[in-house]
Amino acid sequence: MRLFDTARRDVVAFEPPPTVLMYTCGITPYDATHLGHAFTFVSFDVLQRRLVDLGHEVRCVRNVTDVDDPLFERARRMGVHWLDLAAGEERRFEEDMRALGALPVFSTPRASSAIPDIKGFIGMVVDRGFAYASGGSVYFDVSRFPGFGEVSGYDEATMVALAKERGGNVDDPNKRHPLDFVLWHPSASDEPAWDTMWGPGRPGWHIECSALALRELGPTIDLHGGGSDLIFPHHECERAQSEAATGAPFVRHWMHVAMVGMDGHKMSKSRGNLVFVDALRARHDPMAIRLLLVEHHYRTEWEWRADMPAEAEARLARWRDASTGSGDPGVLDDVRRALDDDLDTPSAVRTIDAAAASGRSVRSAAALLGVAL
Ligand code: 5CA
Ligand code: ZN
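The sections below set out a description of the structure shown in this document. Since the structure is predicted, the reported quantities are computational estimates derived from the model, not experimental observations. (Residues numbered from 1 in each chain as written. Chains lettered and ligands numbered in written order. Predicted model: local features only at pLDDT ≥ 70, side-chain atom pairs only at ≥ 80, totals over all residues. Heavy atoms only, no water.)

With that settled, consider the coordination of the zinc ion (ligand 2). Note on the zinc ion (ligand 2): its protein donors are Cys25 (SG), Cys209 (SG) and His234 (NE2). The metal-donor distances range over 2.1 to 2.3 Å. Coordination geometry of the zinc ion (ligand 2): the four donor atoms subtend angles of 100 to 118° at the metal centre, consistent with an arrangement described as tetrahedral. Site description for the zinc ion (ligand 2): donor spacing in sequence, C-x183-C-x24-H. Linking Cys25 in the loop between β3 (19–24) and α1 (35–53) with Cys209 in helix α6 (residues 205–217), this pair joins segments that are 184 residues apart in sequence. Here the two residues Cys25 and Cys209 agree in accessibility, since each one is buried. (Donors = N, O, S within 2.8 Å, 3.2 Å for Na, K, Ca; no water. Tetrahedral: all angles 85-135°; square planar, octahedral: opposite > 155°, others 65-115°. Helix = DSSP H or I, 4+ residues; strand = E, 2+ residues; numbered from the N terminus. Buried < 20%, exposed > 50% of the residue type's maximum accessible area, 1.4 Å probe, protein only.)

What follows is about α6. Here α6 spans 19 Å end to end across 13 residues, near enough to the 18 Å set by a 1.5 Å rise per residue. Listed in full, the buried residues belonging to α6 are His206, Ile207, Glu208, Cys209, Ser210, Ala211, Leu212, Ala213 and Leu217. (Expected span 1.5 Å × (residues − 1).)

With 64 residues, the main nonpolar core has Leu35, Leu293, Trp304, Trp319 and Leu369 as its most contacted residues. Ranked by residues supplied to this core, first place goes to α1 with nine residues. Per-domain counts for this core show at least three residues from each of domain 1 (15–257) and domain 2 (305–368). When neighbours within four sequence positions are excluded, Trp304 is seen to be in contact with Leu35, Gly261, Met262, Met267, Val275, Leu280, Leu292 and Pro309. Listed in part, the 44 residues of the second largest apolar core include Leu21, Ala163, Leu179 and Ala245. (Core = buried A, V, L, I, M, F, W, Y, C linked by side-chain atoms within 4.5 Å. Domains from an automatic or database assignment. Contact = heavy atoms within 4.5 Å.)

Distances and angles like these do not, on their own, reveal function.
The structure is reproduced here in structure tokens:
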């Protein structure tokens, strides 16, 4: 199988071992699942399905960021406990994923479950000389890690500009370098706080994924994924702190899914340009929603259009008309070939269209895309 690797900036051979260790960055559960989230997780689900089809066991960890600013802010505004808000949204997300035909993942650990792991992890980074305490916070010292920038491929000026834009507090006077990032920091008075030897507070965002990947999968994982919005700073920082803590390579292959947009911007909870999966599910067959997602290649940005569900429903009906018996093995093999070529789902969809038009059964081929007919 060939897959694009973000760090190598090329389509390369992906050579999965019998048990594939995979980590995908999951939701921050303060609102419903939108189509952008669904595109990311359905893309990894198609990969998981093909790996299972090839005979691999897949251990996919998908975290839940239930300790973070946007969640605290929303809970404050709603007057509810942050853990109650998170638990409710997490349940809704799981229902959406099930409806979209996503396979169960190996584990879905919450950040709130990982505070002891995070504290221990920060201790490892500090002990190895890659972090310093200052002003009640603990920072990662990027000057000690020469490989910083290798995941994204960005130079220092680009990283500083992006950190500025994405809330990286580059002017924080407690930091030695603008790109140093927080591993631990004090909490606001109405936020949860945990005691540590560096003072009470809460984890920075990036550390949760490093600590959970290590806890659930070990020091080196085969594939790490998420949306492309996470390449910098999130994954750059994760890689630096993980390799600093363990001394082992963190990730063999980085896979990022392009952003789904709406009205000319990335679909995001903070901007509010959203199409929610549960709203679509109320009016359309969930398999049509899955189909409208897999019609797009995971590395190509696309924009939501209101006519997409109707088009997908028409396609689904054509496929259902051509789904007798267990399915034509030739069509299935063509879809396998398309997926092995950098997960080319649009080409797989065209293959199935053509097969359906010529009266061949597409049931097993569609099933490999997770579309149950
Ligand atoms: N909890 C963190 C990751 S540790 C987080 O980014 N949460 S999130 O809720 O904002 O996003 C969940 C996943 O959906 C992430 O992998 C993110 O990269 C992806 N995602 C968010 N918005 C979009 C979008 N518009 N298109 C595609 N993927 C998206
Ligand atoms: Zn993450």
